[in-house]
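Descriptive analysis of the structure
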Amino acid sequence: MVTSNFIKNIITDDLETGKHNSIITRFPPEPNGYLHIGHAKSICLNFGLADEFEGKVNLRFDDTNPIKEDTEYVNAIKKDIEWLNFEWDELHFASNYFDIMYEKAQLLIKKGLAYVCELTPDEMREYRGTLTDAGKFSPYRERSVEENLDLLERMKQGEFEDGSKVLRAKIDMASSNMNMRDPIIYRISHNIHHNTGDKWCIYPMYDFAHPLEDAIENITHSLCSLEFEDHRPLYDWFVKECEMESTPRQIEFARLNMTNTVMSKRKLKELVDNDVVDGWDDPRMPTIAGFRRRGYTPTSIRNLCREIGVSKADSVIDSQMLDYFVREDLLPKAQLAMTILRPLKVVITNYPEGQVEYVEIENNPKDESAGTRKLPFSREIYIEREDFMEVPVKKYFRLFVGNEVRLKGAYFIKCNEVIHDENGEVAEIHCTYDPETKSGSGFTGRKVKATIHWLSAKEAQKAEFRLFEPLILDDVPENEGKHFLEQINPNSLEVIEGLIEAEATKNASPLDKFQFVRHGFFSVDTKYTTNDKLVFNRVVSLKSSFKI
RNA sequence: AGGGUUAUCGCCAAGUCGGUAAGGCACAGGAUUUUGAUUCCUGCAUUCCAAGGUUCGAGUCCUUGUAGCCCUGCCA
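What you see is a predicted model, and the numbers here were worked out from it, not measured in a lab. The residue numbers shown here count from 1 along each chain, following its written sequence. Chains and ligands are labelled by the order in which they are written, letters from A for the one and numbers from 1 for the other. Note on the predicted model: pLDDT of at least 70 is required for a residue's local features to be given, and 80 or more for side-chain atom pairs to be given and counted; whole-chain, interface and lining totals, by contrast, use all residues. Here the side-chain values reflect all heavy atoms present in the structure, with hydrogen atoms and water set aside.

Concerning the overall build of chain A
Here a strand is any run of E in DSSP of at least two residues, a helix any run of H or I of at least four, and the numbering for each starts at the N terminus. The number of helices and strands found in chain A is 13 helices and 24 strands. A 1.4 Å probe rolled over the protein chains alone gives each residue an accessible area, and that area as a share of the maximum for its type sets the label: buried under 20%, exposed over 50%, partly exposed in between. Going through the 548 residues of chain A one by one, you find that 53% of them count as buried. What makes two residues a contact is simply this: any of their non-hydrogen atoms within 4.5 Å. Sequence-distant contacts in chain A: of pairs separated by 6 or more residues, those separated by 24 or more amount to 72%. Element-wise, carbon and sulfur atoms account for 47% of the exposed surface of chain A, whose accessible area totals about 25600 Å². Reported accessibility uses the Shrake-Rupley method at a 1.4 Å probe radius. Residues are deemed covered only where the shown protein chains occlude them.

Re a negative patch on the surface
Only residues whose relative accessible area exceeds 30% and that take part in no salt bridge are eligible for patches, with like-charged residues grouped when within 9 Å of each other and nonpolar side chains (Val, Leu, Ile, Met, Phe, Trp, Tyr) grouped when within 5 Å. The salt bridge criterion pairs a side-chain nitrogen of Lys or Arg with a carboxyl oxygen of Asp or Glu, the two atoms within 4 Å. Think of it this way: Lys and Arg go in the positive column, Asp and Glu in the negative one, and His and the chain ends go nowhere. Taken as the charge location is NZ of Lys, CZ of Arg, CG of Asp or CD of Glu. A cluster of like negative charges, contributed by Glu82, Glu87, Asp89 and Glu90, occupies part of the molecular surface. On the accessibility criterion, glutamate 82 (47% relative accessible area) is partly exposed.

Topic: helix H8 (residues 232-241)
Every buried residue belonging to H8 is among Leu234, Tyr235, Trp237, Phe238, Val239 and Glu241, and all of these are buried. Once H8 ends, the next one or two residues include glutamate 243, with phi positive near 55 degrees.

Points about the pattern of salt bridges
Counting across every chain of the model gives 35 salt bridges. For lysine 374, the salt bridge is made with glutamate 360, and the minimal N-O distance between the two is 3.9 Å. Taken as a pair, lysine 374 in strand S13 (residues 372-378) and glutamate 360 in strand S12 (residues 356-362) lie far apart in primary sequence, 14 residues in all. Judged by relative accessible area, which is 45%, lysine 374 ranks as partly exposed. According to the relative accessible area criterion, glutamate 360 is partly exposed, its value standing at 45%. Of the charged contacts, one joins aspartate 387 and arginine 398 as a salt bridge, the two residues approaching to 2.9 Å between their closest N and O atoms. On the criterion of sequence distance, the pair formed by aspartate 387 in the loop between strand S14 (380-384) and strand S15 (404-407) and arginine 398 in the loop between S14 and S15 is long-range, its members being 11 residues apart. As far as burial versus exposure is concerned, aspartate 387 and arginine 398 are alike and both buried.

Describing the environment of isoleucine 383
Assignment of secondary structure puts isoleucine 383 in strand S14. The class for isoleucine 383 is buried, based on a relative accessible area of 0%. Considered as a pair, isoleucine 383 and leucine 226 are 157 residues apart in the sequence and their alpha carbons are 51 Å apart.

A short note on the packing of aromatic side chains
For this analysis, a ring pair means two rings from Phe, Tyr or Trp (six-membered ring only for Trp) whose centres lie within 6.5 Å, classed as stacked if their planes differ by under 30 degrees, edge-to-face if by over 60, and tilted for the remaining angles. Under the counting rule described, the total for this entry stands at 22 aromatic pairs. When the centroid spacing of 5.3 Å and the interplanar angle of 90 degrees are considered together, the rings of tyrosine 351 and phenylalanine 377 count as edge-to-face. Here the residue tyrosine 351 occupies a position in the loop between strand S11 (343-348) and S12, and phenylalanine 377 occupies one in strand S13, the gap between them amounting to 26 residues. Residue classification places tyrosine 351 among the buried positions, given a relative accessible area of 2%. An aromatic cluster of three or more residues is present, and its members are Phe98, Tyr102, Tyr186, Trp200, Tyr203, Phe208, Trp237 and Phe238. We call a charge positioned above a ring when the Lys NZ or Arg CZ atom is no farther than 6 Å from the ring centre and deviates by at most 35 degrees from the ring normal. The ring of phenylalanine 137 is capped by arginine 141, whose NZ or CZ atom sits 4.1 Å from the centre of that ring.

So this is what it looks like as structure tokens:
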């Protein structure tokens, strides 16, 4: 399949016209949180482009704000990218360019294009003007080059307090583009930086730092999201006025949004900080780490990113797409097992009491090399409650009195009787099996319209499942509503006890072991495994259950 | 008259110099099926935000509108 997008067209053009001989892209996260599925789009784009055009791609931490950044995040980010199976060519930190940036700031001052300003934040806001009215000049705008140089140096030396002074570019206070109204280049911040420690107490702003970082690394195509479109003139201005040898080009694309998903890093951090979730890698989080723990595969995420494409139109991807790609990737290769979440006891009245036989079940019908396993079958088994209906609705093919179904890998059973408890609830059902119908026997006498999961009552292992049900939020911000349709709420956790195959759990490997539940998967998260019983997070159902 | 930007099927998204609307997800039928899954066929935009215009011919060009998103952090 030929995929195409406007960015590839630009690159192809640049290559054909000889503007570039090869390309270099970069993925520039700020290490202030974990990567989420939205970042995956950018990662796939940048790494994918570099790969497709045989160029290079750098991983660069855009760490220019010490108060928000931490080494924990740089490590987590590296791990996530590696997990997605991408390899960067060079690893950089914006903070390693602080010396060059400082020199460039001095250069701007010498060219009369930057000045130290002492307006307070409030004053600066006032002087900046509004969207419709021009701003006015700062009274500090016409300081001499010498004075500016001296002041900047003293800012660097730590003579001044946070917020007392900033270095500003001298551009155009009347520009219709707010970014050009003498933007701040350096601010004072006496904080320990995760990489440079206390070496610096002035830090460059994004608008100044980013174009320089790109130019220093000879990035040819600098991809960023739509909200930076307005910043492009400034980006180009800094590259030009700082007399950078390389002229990277900024190209904007729409970031990824997904239905039923919170994608705001601020909001996600809030969930972590308030202990609403266990951490950034909580299976409920839309972070790469969360998805990993939840059992999603790198391939599924990469395929999703490939398939959703790239454009400049605001969009919201249907989360069903992600589910589709996970199913597509896992179905042919996952270890499938049977699990019963809400058990209903079934007594097979014509099966000898005390007898146990082992039936062989394939681990994956689509992959013979996945092998088989033997499961104990006996007189008393459990099936999923929803696989039985006392009063069947129309088009219900599973168990009800008088109907026959196949127990996967075992026999046909026919329901004869329903036993109620004192409350009138269905306590158990009585069935009879037909020995002739044993799986693999080649029985063709009659057909059955449904095959259901089951587990031997005596041998099945018990497990606790934590169900995480999404909740509709009441306090959804109007402008972010579409991203907050569903939200995680600790009160929605439902712990139920279920049953799981004895064999399957004995050697269940943590994150790659999938249980097949009816028509979906759910992952096994052994982080909650205790000694005496197994506790699983049922965090995802990739395909909703039956429609009845 | 603030500036920027986007508008193609329910959701994404291709649509080169204007030539008569790809593909995926979702959905709906049908066939296979020891998971109502998978797989396999079939269907799913006389129409491209709207209205004019140019043209033999326009999603693609022009004009005028409309709607959404972004911009007044010493965040990125």
